[in-house]
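What follows is each chain in one-letter form.
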Amino acid sequence: MCDVRVRGTGVTNILKLQSLEPAFGTPKVEGHYKVYFGSGWHDTPLFKLENLGYEHVLPGPSIIMNGNSTVIVEPNCRAIITKYGNIKIEVESTLNTVTVAEKVADVVQLSIFNHRFMGIAEQMGRTLQRTSISTNIKERLDFSCALFGPDGGLVANAPHVPVHLGAMSSTVQWQLNYWGDNLNEGDVLVTNHPCAGGSHLPDITVISPVFDNGRGHHAEIGGITPGSMPPFSKSIWEEGAAIKAFKLFPCSDEVAHKIPGTRRLQDNLSDLRAQVAAHQRGISLIKELIEQYGLDIVQAYMTYVQLNAEEAVREMLNSLNGNLVTIEEEDYMDDGSVIHLKLTIDSDKGEAIFDFNGTSPEVYGNWNAPEAVTAAAVIYCLRSLVDVDIPLNQGCLAPVKIHIPAGSFLSPSDKAAVVGVNVLTSQRITDVVLTAFQACACSQGCMNNLTFGDDTFGYYETIGGGSGAGPTWDGTSGVQCHMTNTRMTDPEIFEQRYPVLLHKFGLRDNSGGTGLHRGDGAHGANYLVTKDNQRVYLGGKNTVEVQAGEILQILIPGGGGWGSPL
């Protein structure tokens with residue numbers, strides 16, 4: 001036995017906040033002591049935390065002890081005991097600093113709220129990782145968590161998967177429009193359909209109306225091949241269960257019927273529960289923030305952090321040479337389909353137009369891209385070009401317009417196959433945008449997907465490749481770059497949970513692309529070594545039945561070089 005899974009169900013008060021009784025009378029002083037502060041010696045009262053009540057106010061200087069720690073309240077400050085027994089200290093210089101009436105956000109408070117919002121998303125991510133079951137979420141970290149404002153705009157995120165984060169705002173806004181006033185406290189929404197702001201079907205988005213949000217890639221969601229990433233799917237029904245809008249709670253008993261054909265239903269249900277647990281963590285933290293500052297102030301700073309990101313992008317566009325610049329770039333998919341971009345930058349106004357007219361029509365294949373994915377690629381590139389520490393949020397898109405021709409493979413019909421959008425098309429869109437800005441050479445151009453399985457399980461992996469070189473740096477080998485940001489499964493976990501052996505994993509010798517700054521520019525290749533030691537070339541993508549003892553060799557592509565090598 002090499003793998004044991006245990007799930008416990010019960011009720012606990014360990015993580016439940018305990019309310020204090022309201023304060024009566026003046027706080028009890030345990031004694032007075034001489035304490036030296038910057039202005040000299042002060043007669044300082046000592047209080048014990050267990051004897052204090054909700055809304056007790058202790059002016060500084062004072063000492064608060066709770067048996068494990070000592071809190072010093074300096075002169076001209078005051079300590080307030082909160083409803084849940086925490087000590088809130090108001091410093092003289094920041095008293096009443098945060099007010100909704102401000103026309104410009106306080107710089108210090110803006111930084112605090114930026115990090116508080118991002119911290120909530122990070123805590124959600126840690127909860128999801130700890131409570132999930134599947135290798136894809138628990139080990140590979142193929143998930144994203146973020147906070148959204150009342151209008152569904154992205155406010156802040158943890159540094160998870162860019163292709164998720166940039167697209168989730170479209171998902172939240174679609175659900176807001178769909179459900180309207182039919183949203184209640186405790187509702188948990190589930191969706192994965194491309195026409196509802198999704199990307200591909202394995203990415204299931206769970207939304208709780210506080211509002212916070214999380215998206216996780218489920219390695220098995222049905223479809224015609226194990227791993228739910230069929231290389232040759234031609235329509236969306238071949239790729240797995242498609243859910244436009246469904247309330248996981250209060251309708252949790254029906255969720256199994258929404259995922260027909262999945263080979264690992266229990267893993268799906270367990271990971272959905274983990275996503276809900278992550279939401280509960282996020283909800284408690286955002287409510288704590290609201291209790292501390294008030295709803296109006298929290299929502300105001302949700303707007304301020306987006307305005308700050310907008311200003312940062314405008315300044316980046318302002319810094320580009322030329323008043324009105326038009327640049328055209330394009331890249332090709334393996335079948336010859338073209339991604340065409342006409343980029344118009346108005347540096348005076350700090351605005352840009354991303355016009356994808358000239359892009360090829362919807363394809364009879366599975367690399368069609370919902371519009372939300374193009375927006376995700378653009379917002380990722382803009383954030384990468386900004387040399388300021390800001391969270392990736394909806395404000396990055398405020399100074400730009402994105403035009404996508406309807407009927408192109410960047411705006412396909414709702415029946416089109418889309419499973420390759422995240423792992424292939426999003427990377428090509430990113431390369432086109434960064435090339436237009438002359439930021440760096442093209443990357444590996446895909447995420448190097450591997451899936452395998454049988455009727456009982458499906459495994460999914462993205463394998464790191466090469467990033468492109470730039471004006472002052474060489475490309476990097478063996479990394480997850482751009483729209484992916486996942487780990488690879490550890491070899492020990494890989495061999496323990498699946499009926500396979502990993503023979504070798506390493507960098508390819510002499511694979512660097514040429515240039516003033518070298519890339520990692522070797523082409524990719526896939527081979528099957530049969531039991532009689534015959535090496536068979538599989539092409540760029542394929543589906544093959546293998547026998548015990550056969551070996552799959554994957555040689556991943558690299559990134560491009562920058563400049564002339566001469």
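Before reading further, recall that the structure is shown in the block above.
What counts as what
- Residues numbered from 1 in each chain as written.
- Predicted model: local features only at pLDDT ≥ 70, side-chain atom pairs only at ≥ 80, totals over all residues.
- Heavy atoms only, no water.
- Helix = DSSP H or I, 4+ residues; strand = E, 2+ residues; numbered from the N terminus.
- Buried < 20%, exposed > 50% of the residue type's maximum accessible area, 1.4 Å probe, protein only.
- Polar contact = N/O pair within 3.5 Å; in protein donor to acceptor, adjacent residues only side chain to side chain.
- Contact = heavy atoms within 4.5 Å.
- Phe/Tyr/Trp six-rings, centres within 6.5 Å; stacked < 30°, edge-to-face > 60°.
- Lys NZ or Arg CZ within 6 Å of the ring centre and 35° of its normal.
- Pairing = 2+ DSSP bridges.
- Right-handed = clockwise from strand over helix to strand, strands pointing away.
- Axes fitted to C-alpha atoms, helices over the stretch in contact; angles between N-to-C directions.
- Core = buried A, V, L, I, M, F, W, Y, C linked by side-chain atoms within 4.5 Å.

(A) Broad picture of the side chain of N393. Tracing the backbone through its elements, the reader meets N393 in the loop between helix 6 (371-385) and strand 17 (400-403). Among the residues examined, N393 registers a relative accessible area of 0% and is labelled buried. Engagement of the side chain of N393 in a polar contact is seen with the backbone nitrogen of G395, the distance being 2.8 Å. Setting aside its immediate chain neighbours within four residues, N393 contacts L154, V155, A156, V305, Q306, A309 and I379.

(B) Expanded view of the packing of aromatic side chains. Counted according to the given criterion, the structure contains 16 aromatic pairs. Aromatic pair Y301 and Y304: ring centres 4.8 Å apart, planes at 85°, arrangement edge-to-face. You can see Y301 and its partner Y304 sitting in helix 5 (residues 295-318), three residues apart, about one turn around the helix. Considered together, Y301 and Y304 belong to a single accessibility category, that of buried residues. Taken together, F113, F117, Y293, Y301 and Y304 form an aromatic cluster joined through their ring pairs. Taking the ring centre of Y364 as reference, the NZ or CZ of K234 above it sits at 5.7 Å.

(C) How the structure looks around the pairing of strand 11 (residues 203-208). By the criterion of burial, strand 11 is predominantly enclosed, with six of the six residues buried. Of the two faces of strand 11, both are covered, the one formed by D203, T205 and I207 as well as the one formed by I204, V206 and S208. Strand direction decides the pairing type here: strand 10 (residues 188-191) and strand 11, joined by three bridges, are antiparallel. In the sheet register, L189 faces strand 11, and the bridge partner there is I207.

(D) Layout of the pairing of strand 17. Sheet analysis places strand 16 (residues 351-355) next to strand 17, joined by four bridges and oriented parallel. What sits directly across from I353, in strand 17, is K401. In terms of handedness, the path from strand 16 via helix 6 over to strand 17 forms a crossover that is right-handed.

(E) Local environment of the sheet that holds strand 15 (residues 338-346). Strand order in this open sheet of four strands is 14-15-16-17, and the pairing throughout is mixed. What marks the edges here is a single partner per strand, and that holds for strand 14 (324-332) and strand 17. Pairs of neighbouring strands in the sheet enclose a mean axial angle of 15°, with direction left out of account. In the sheet, strand 15 pairs with strand 16 via five bridges, with the strands oriented antiparallel. Bridge assignment links K342 to a residue of strand 16, and that residue is D355. Strand contacts of helix 7 (residues 421-436): strand 14, strand 15 and strand 16, with the helix running at about 145° to strand 14, the strand carrying the most contacts.

(F) Just the nonpolar core, in detail. In terms of nonpolar packing, the biggest core is built from 69 residues, with F354, L382 and F437 touching the most fellow members. When residues of this core are traced back to their parent elements, those giving at least two are strand 8 (143-148), helix 3 (162-179), helix 5, strand 15, strand 16, helix 6 and helix 7. At ten residues, the largest contribution of residues to this core is made by helix 6. Each residue touching L382, except ones within four places of it in the same chain, is listed here: V313, M316, F354, C396, L397, V400 and F437. One finds I137, L141, Y293 and V298 within the second-largest nonpolar core, a separate group that totals 26 residues.

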